[in-house]
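Residue strings, one per chain:
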Amino acid sequence: MVTMACIDCGAVHFEAATLREMLTAMMPHYFEDHKDIMAGESSVSRETWMARFTAAFTELQDAEKA
């Protein structure tokens, strides 16, 4: 299980075993508190955000295994 803070505000933490589960767990928070990102209205592209999210999740997952 990986515990991860929201990569945009750090205010909320989520637990999940896989990247997909983490995305699903974070969705309600993002729809509520980060609507600009969800609507594609952020200055950061969705692809860039996803790459950042994946890297953060993978880093936490690797640290847990170590």
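Residues numbered from 1 in each chain as written. Predicted model: local features only at pLDDT ≥ 70, side-chain atom pairs only at ≥ 80, totals over all residues. Heavy atoms only, no water.

## Structural notes on the overall build of the protein
Stated formally: The helix count covers DSSP runs of H or I at least four residues long, the strand count covers runs of E at least two residues long, and both are numbered beginning at the N terminus. In this description the radius of gyration comes from C-alpha coordinates, and the expected globular size is given by 2.2 Å times residues to the power 0.38. For this analysis, residues touch if any pair of their heavy atoms sits within 4.5 Å. Here, Shrake-Rupley sampling with a 1.4 Å probe gives the accessible areas, and only protein chains in the shown set may cover a residue. Lys and Arg are tallied as positive, Asp and Glu as negative. Neither His nor the chain termini are counted. Here the site of a charge means atom NZ of a Lys, CZ of an Arg, CG of an Asp or CD of a Glu.
From N to C terminus, the protein includes three helices and two strands. Scanning the protein from its N terminus toward the C terminus, one meets helices and strands in the order β-β-α-α-α. Compactness check: the protein gives a C-alpha radius of gyration of 12 Å against a globular reference of 11 Å for 66 residues, within 12% of the reference. Taken along its principal axes, the extent of the C-alpha atoms in the protein is 35 × 20 × 20 Å. Taking the intrachain contacts of the protein between residues at least 6 apart in sequence as the baseline, contacts between residues at least 24 apart amount to 45%. Summed over all atoms, the accessible surface of the protein reaches about 4,400 Å², with 55% contributed by carbon and sulfur. The average position of the 5 basic charges and that of the 11 acidic charges among the side chains of the protein differ by 5 Å.

## Re the side chain of histidine 34
Quick note on the threshold: Polar contacts, as used here, are pairs of N or O atoms within 3.5 Å; protein pairs need one atom able to donate a hydrogen and one able to accept it. Residues neighboring in sequence count only if both atoms are side-chain atoms.
Mapping histidine 34 onto the fold places it in the loop between α1 (19–33) and α2 (35–38). For histidine 34, the side chain forms a polar contact with the side chain of histidine 29, separated by 3.1 Å. Among residues more than four places away in sequence, those in contact with histidine 34 are Cys6, Asp8, Cys9 and His29.

## Considering the pattern of salt bridges
Test applied: What counts as a salt bridge is simple: a side-chain nitrogen of Lys or Arg found within 4 Å of a carboxyl oxygen of Asp or Glu.
Using the criterion set out here, one finds one salt bridge in the structure. A salt bridge links aspartate 8 to arginine 52, with the shortest nitrogen-to-oxygen separation between them at 3.2 Å. Taken as a pair, aspartate 8 in the loop between β1 (2–5) and β2 (13–16) and arginine 52 in helix α3 (residues 46–65) lie far apart in primary sequence, 44 residues in all.

## With respect to the environment of methionine 26
For methionine 26, the position within the fold is in helix α1. Residues methionine 26 and threonine 58, 32 residues apart in the sequence, show an inter-C-alpha distance of 16 Å. Apart from residues no more than four positions distant in its own chain, methionine 26 is found in contact with Met4, Ala5, Cys6, Phe14 and Phe53.

These figures capture arrangement, not role.
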